[in-house]
Amino acid sequence: MAIKTAKTEWRDLILVCKKCSKKLDGGFGPDGDKTLKKALRKYLTPPKSSKGRKAPLAVIETACFDICPKNAVVAVNAAQPKALLIVPAGCDLFEVKARLGLDNGRRLQPAPASLGAPS
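Residues numbered from 1 in each chain as written. Predicted model: local features only at pLDDT ≥ 70, side-chain atom pairs only at ≥ 80, totals over all residues. Heavy atoms only, no water.

1. A short note on unusual backbone geometry
Positive phi values are uncommon outside glycine, yet Asp25 reaches one of about 55 degrees. A relative accessible area of 68% places Asp25 in the exposed class. Not every positive phi belongs to a glycine, and Asn71 is a case in point at roughly 55 degrees. If you trace the backbone, Asn71 turns up in the loop between β2 (57–62) and β3 (72–77). Residue classification places Asn71 among the exposed positions, given a relative accessible area of 59%. (Buried < 20%, exposed > 50% of the residue type's maximum accessible area, 1.4 Å probe, protein only. Helix = DSSP H or I, 4+ residues; strand = E, 2+ residues; numbered from the N terminus.)

Printed below as a string of structure tokens:
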């Protein structure tokens, strides 16, 4: 059987610990009811962008990174695997974006005032 490839439009690939996300059960977004994965997908991708392999950003839950912080989730930009980011619940998504190295022109989507978006 031959090895095949599947093309993607991903510019960035963010890996988020599934075990941390499950333990925290939300904690992100304006109401604090979203997981880090869902909050990043919602606020870091253009409103009418494609999903799945055609999306510009992939946020994928993965197995445990064996850090297991309390009230936080471990995430990493796959392009920068030497720096695991420990994101506390309720952390500002602008800071998460910057610390994950996603400052390459991508903007957070307009959010409710409760998210603390700068004017």
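2. Side note on the pairing of β3
Within β3, 6 of the 6 residues are buried, which leaves it mostly tucked inside the rest of the structure. Burial of the side chains of β3 extends over both faces: Ala72, Val74 and Val76 are buried on one face and Val73, Ala75 and Asn77 on the other. Taken together, the 3 bridges between strand β1 (residues 12–17) and β3 define a ladder with antiparallel strand orientation. Residue pairing in the sheet places Ile14 in a bridge with Asn77 of β3. (Pairing = 2+ DSSP bridges.)

3. Some details on the sheet that holds β2
With mixed pairing, 4 strands are arranged side by side in an open sheet as β2-β1-β3-β4. In this open sheet, the two edge strands, each paired with only one partner strand, are β2 and β4 (85–88). Taken pair by pair, the neighbouring strands of this sheet meet at an average axis angle of 30 degrees, ignoring direction. Each of β1, β2, β3 and β4 is contacted by helix α2 (residues 36–44), which is oriented at about 180 degrees to β2, the strand it contacts most. (Axes fitted to C-alpha atoms, helices over the stretch in contact; angles between N-to-C directions. Contact = heavy atoms within 4.5 Å.)

4. What about the pattern of salt bridges?
If you walk through the whole model with that rule in mind, you get 1 salt bridge. Taking the shortest distance from any N to any O, the salt bridge between Arg99 and Glu95 comes out at 3.8 Å. With Arg99 and Glu95 both in helix α3 (residues 93–99) and 4 residues apart, this pair spans about one turn of that helix. Taking relative accessible area as the criterion, Arg99 reaches 56% and is therefore assigned exposed. (Salt bridge = Lys/Arg side-chain N within 4 Å of Asp/Glu carboxyl O.)

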